[in-house]
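# Chain and residue survey
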Amino acid sequence: MSTEAWSRDEFEAQLRARGAGYHIHHPFNVNMNEGLLGPDQIRGWVANRFYYQVNIPQKDGAIIANCPDRATRRRWVRRILDHDGWGDNEGGIEAWVRLGEAVGLTREALWSQRHVVPGVRFAVDAYVNFARQAPWQEAVCSSLTEMFAPKIHKDRLANWPTHYAWIDPDGLQYFRSRISLAERDVEHGLEVTLGHFTTRAQQERALEILQFKLDILWAMLDAIEKAYP
Ligand SMILES: O=C(O)c1cc(C(=O)O)c2c(n1)C(=O)C(=O)c1cc(C(=O)O)[nH]c1-2
């Protein structure tokens, strides 16, 4: 195997190629996208994914806590505000609660986390723990699954209104809001990753980290699929 470092472009292409393992291809997501899920399955997914949503700001707070670079922190902190909101902006977590209400879950049912299954809890906790313990550049790299997220949000916006007419389309605002935010996040995440992982061994390490995060998302859907057959 060659030990020569990939060029920046080739390294980025290698990272993007890992999209083949994104949870967009998981059977549960494929079924969701094709309109094959029943209300209980959609509700189960929304209630379980809420655990991911509420943990993202803590994950991003952990990255900031480990990062001595002020310029990076100034940009990274926006991610916390995106989800928690600020001032009159309610933020992404509240938008997810509105999605929950649109599919027939109560605010209380979401916040109680009583529907969160063990596999989802373990997977999300593994992500937060990684961000707490790894060098901050590695934790940044693990967020790069967001490279593949705009397409998954766009698919939902395109397909849910026809397949799931029982869901109020106003509830889909979370997905709409994430498209541009994910693109902005990825620009920064790639800047850090392409600049930090420069030797071939480091670049291979970055691919392993991205795979670890892909596996977290995949494992979440495995657990959800099993809980809501
Ligand atoms: O709906 C999805 O499939 C999906 C996937 C991901 C992702 O790829 O990690 C994120 C999101 N949504 C999302 O909404 C979000 O805010 C987000 C933040 C992050 C991250 O790792 O920091 N990933 C994701």
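What you are looking at is a predicted structure, and each value in this text was computed from that prediction instead of being measured.

A tally of regular secondary structure across the chain gives 11 helices and 0 strands. Taken from N to C terminus, the helices and strands of the chain fall in the order α-α-α-α-α-α-α-α-α-α-α. Taking 17 Å as the expected radius of gyration for a compact globule of 229 residues, we find that the chain reaches 18 Å, a close match to that expectation. Overall, the C-alpha framework of the chain stretches about 55 × 40 × 30 Å when taken along its three principal axes. Within the span of the chain, comprising 229 residues, buried residues form 52% of the whole. A sequence separation of at least 24 residues applies to 79% of the contacts in the chain between residues at least 6 apart. For the chain, the computed accessible surface area is about 10,500 Å², with 52% contributed by carbon and sulfur atoms. Seen as two clouds, the 27 positive and the 30 negative side-chain charges of the chain have centres 3 Å apart.

Let's shift gears to the site of the ligand. Taken together, 18 residues lie around the ligand, and Tyr22, Tyr52, Lys59, Tyr127 and Tyr174 are the ones closest in. At a separation of 2.8 Å, an oxygen atom of the ligand approaches a polar side-chain atom of arginine 49. Isolated, the ligand exposes 470 Å² of accessible area, and the fraction of that covered by the protein chains is 99%. Elements that contribute at least two residues to the shell around the ligand include exactly α3 (39-65), α9 (149-163), α10 (173-196) and α11 (200-227). When residues of the shell around the ligand are assigned to their parent elements, the largest contribution, 4 residues, is made by α3. Along the lines of polarity and charge, the residues of the shell around the ligand split into 7 nonpolar, 5 polar and 6 charged.

In this section: the packing of α3 against helix α7 (residues 118-133). Look at α3 against α7: their axes get within 8 Å of each other, and the N-to-C directions meet at 10°. With respect to each other, α3 and α7 are oriented roughly parallel. Seen from α3, the contacting residues are Asn48, Tyr51, Tyr52, Asn55, Ile56, Gln58, Lys59, Ala62 and Ile63; seen from α7, they are Val120, Arg121, Val124, Asp125, Tyr127, Val128, Ala131 and Arg132. Class assignment of the residues belonging to the contact of α3 with α7 gives a composition of 10 nonpolar, 3 polar and 4 charged.

Further remarks concern the UniProt feature "domain: Thiaminase-2/PQQC" (unreviewed entry) in the chain. Cross-referencing UniProt, the feature "domain: Thiaminase-2/PQQC" (unreviewed entry) maps to residues 14-222 in the present numbering. Segment residues 14-222 splits into 75% helix and 0% strand. End C-alpha atoms: 26 Å apart.

It is worth spelling out the nonpolar core at this point. In summary, soluble globular proteins display a tendency toward joint burial of nonpolar side chains. Counting 64 residues, the largest nonpolar core has Leu15, Ile42, Trp45, Val46, Val120, Trp160 and Phe175 as its most contacted members. Those elements that provide at least two residues to this core are α1 (8-17), α2 (27-33), α3, α5 (91-102), α7, α9, α10 and α11. At 11 residues, α11 tops the list of elements feeding residues into this core. If we ignore the near neighbours within four places in the chain, the residues touching valine 120 are Asn48, Tyr51, Met220, Ala223 and Ile224. Ranked by size, the runner-up nonpolar core spans 9 residues in total, among them Cys67, Ala139, Val140 and Val192.

Moving on to α10. Along its 24 residues, α10 runs 35 Å from first to last C-alpha, staying within 8% of the 34 Å computed at 1.5 Å per residue. Its axis deflected by about 35° at isoleucine 179, α10 carries its strongest bend there.

This part is about α3. In this model, α3 (27 residues) spans 40 Å end to end at C-alpha, consistent with the 39 Å of a helix rising 1.5 Å per residue. If you look at α3, its biggest bend is around 35°, right at asparagine 55, and the proline proline 57 turns up within four residues after that. Burial analysis of α3 places 20 of its 27 residues in the buried class, the great majority of the element.

We now examine the confidence of the model for the chain. Interpreting fine coordinate detail is not advised for predicted regions of low pLDDT. Averaged over all residues, the pLDDT of the chain equals 97, while 99% of them reach at least 70. Reported confidences for the modelled complex are a pTM of 0.96 and an ipTM of 0.95.

Calculation criteria
Residues numbered from 1 in each chain as written. Predicted model: local features only at pLDDT ≥ 70, side-chain atom pairs only at ≥ 80, totals over all residues. Heavy atoms only, no water. Helix = DSSP H or I, 4+ residues; strand = E, 2+ residues; numbered from the N terminus. Rg over C-alpha atoms; globule rule 2.2 N^0.38 Å. Buried < 20%, exposed > 50% of the residue type's maximum accessible area, 1.4 Å probe, protein only. Contact = heavy atoms within 4.5 Å. Areas by Shrake-Rupley, 256 points an atom, 1.4 Å probe, with all protein chains shown as cover. Lys, Arg positive; Asp, Glu negative; His and termini not counted. Charge placed at Lys NZ, Arg CZ, Asp CG, Glu CD. Near = heavy atom within 4 Å. Polar contact = N/O pair within 3.5 Å; in protein donor to acceptor, adjacent residues only side chain to side chain. Nonpolar A, V, L, I, M, F, W, Y, C, P; charged D, E, K, R; others polar. Axes fitted to C-alpha atoms, helices over the stretch in contact; angles between N-to-C directions. Parallel < 35°, antiparallel > 145°, perpendicular 65-115°, else oblique. UniProt positions renumbered as here; feature names shortened; annotations may be inferred. Core = buried A, V, L, I, M, F, W, Y, C linked by side-chain atoms within 4.5 Å. Expected span 1.5 Å × (residues − 1). Bend = angle between axes of the 7 residues up to and from the residue. pLDDT = per-residue confidence, 0-100.

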